[in-house]
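So you can see what is in the structure, the chains are spelled out below.
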Amino acid sequence: IEIGPNVFHNLRSLVMLNLNSNKLHYLHSNLLKNMKSLKYLNLSSNFLEIIEFNLFSDALNLQILDLSQNRLRIIQDFTFFNLDHLKDLILTNNR
C-alpha cells in the first residue's frame, strides 16, 4: 500500500499521526510537507525498507518517531537532520 504525496497536505495543525499496521511499503518524500505541528508519528508494523532523507524535513517539532517492526535496511544520511525536538526514536525489530 502506498499513500499519495499530498494526502496530509492541508493538515498543518495535526499533532499526532498513527499509521501503524497499514502494510505501507513506501513513503513519498513530500508526505509530511508543511506538517510543522506534528509531534508524534507512529509508522511501526509496516513493510518500510527505505526512509528518504527529506521525509521529515518539515516535521520540525517531531518529538516521538516510531519506526519499529518494519523492514528497514536503509536510512539515508541526514534523515533526522533539523529534528531538534526529537526525544524518542524507536527503531527496534527491523531487519
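Structure's up top.
What this report covers is the structure whose coordinates are included nearby.

Each value, and the rule that gives it
In this numbering scheme, every chain counts its residues from 1 along its sequence in written order. A pLDDT threshold of at least 70 governs which residues receive local features in this predicted model, and a stricter bar of 80 or more applies before side-chain atom pairs are shown or counted, although totals over entire chains, interfaces and linings include all residues. Side-chain descriptors were evaluated using all non-hydrogen atoms of the structure, hydrogens and water having been removed beforehand. By definition, any uninterrupted DSSP run of H or I lasting at least four residues is a helix, any uninterrupted run of E lasting at least two residues is a strand, and each is numbered from the N terminus. It is over C-alpha atoms that the radius of gyration is taken, and the globule rule equals 2.2 Å times the number of residues to the power 0.38. For every residue, the accessible area obtained with a 1.4 Å probe (protein chains only) is divided by the maximum for its type, and the residue is called buried under 20%, exposed over 50%, and partly exposed between those limits. Contact definition: two residues touch when any of their heavy atoms are within 4.5 Å. For the accessible areas, the method is Shrake-Rupley and the probe is 1.4 Å, while residue cover comes only from the protein chains on display. Charge assignment in this entry is limited to Lys and Arg as positive and Asp and Glu as negative, and neither His nor the chain termini are counted. The location of each charge is read from NZ of Lys, CZ of Arg, CG of Asp or CD of Glu. Aromatic pairs are defined between Phe, Tyr and Trp rings, using the six-membered ring for Trp, whenever the two ring centres lie within 6.5 Å; interplanar angles under 30 degrees are classed as stacked, those over 60 as edge-to-face, and all others as tilted. Here, a salt bridge means any Lys or Arg side-chain nitrogen found within 4 Å of an Asp or Glu carboxyl oxygen. What is meant by a nonpolar core is a set of buried Ala, Val, Leu, Ile, Met, Phe, Trp, Tyr and Cys residues, joined one to another through side-chain atoms within 4.5 Å. Exposure above 30% relative accessible area and the lack of any salt bridge qualify a residue for a patch; like charges then connect within 9 Å, and the nonpolar side chains Val, Leu, Ile, Met, Phe, Trp and Tyr within 5 Å.

**Overview of the overall build of the chain**
Along the backbone of the chain there are zero helices and eight strands. Moving toward the C terminus, one meets the helices and strands of the chain in the order β-β-β-β-β-β-β-β. For 95 residues, the compact-globule estimate of 2.2 N^0.38 gives 12 Å, and the chain sits close to it at 12 Å. Along the three orthogonal principal directions, the C-alpha set of the chain runs to about 30 × 25 × 20 Å. Residue burial in the chain is summarised as follows: out of 95 residues, 34% are buried. Sequence separation of at least 24 residues holds for 52% of the intrachain contacts in the chain that already meet a minimum separation of 6. Counting every atom, the chain has about 5500 Å² of accessible surface; 50% of that belongs to carbon and sulfur. Of the side chains in the chain, 9 bear a positive and 8 a negative charge, and the two mean positions are spaced by 5 Å.

**Quick look at unusual backbone geometry**
The phi dihedral of Ser45 falls on the positive side, at around 55°, and the residue is not glycine. Position of Ser45 among the secondary structure elements: in the loop between β4 (40–42) and β5 (50–51). Residue classification places Ser45 among the partly exposed positions, given a relative accessible area of 27%.

**Quick word on the packing of aromatic side chains**
The geometry of an aromatic ring pair is captured by the separation of the ring centres together with the interplanar angle, meaning the angle of the planes. According to the stated counting rule, one finds two aromatic pairs in the structure shown. On the numbers, 6.0 Å between centres and 15° between planes, the contact of Phe56 with Phe80 is stacked. Of this pair, Phe56 sits in the loop between β5 and β6 (64–66) while Phe80 is found in the loop between β7 (74–75) and β8 (88–90), placing the two residues 24 residues apart along the sequence. A relative accessible area of 27% places Phe80 in the partly exposed class. A centroid spacing of 6.0 Å and a plane angle of 85° characterise the contact between Phe78 and Phe81, whose relative ring orientation is edge-to-face.

**What about the side chain of Asp66?**
Position of Asp66 among the secondary structure elements: in strand β6. Despite its burial, Asp66 pairs with no opposite charge; the closest candidate is Arg71, at 15 Å N-O. Apart from the residues within four sequence positions on either side, Asp66 is in contact with Leu41, Asn42, Leu43, Ser44 and Ile90.

**Focus: the nonpolar core**
Counting 22 residues, the largest nonpolar core has Leu17, Leu32, Leu41, Leu43, Phe56 and Leu62 as the members making the most contacts within it. Excluding anything up to four places from it in sequence, Leu62 contacts Leu38, Lys39, Tyr40, Leu41, Phe56, Leu83, His85 and Leu86.

**So, a nonpolar patch on the surface**
A surface patch of nonpolar side chains, about 390 Å² in accessible area, is lined by Phe53, Phe78 and Phe81. Along the polypeptide, Phe78 turns up in the loop between β7 and β8. Look at Phe78 and you get exposed, because its relative accessible area is 63%.

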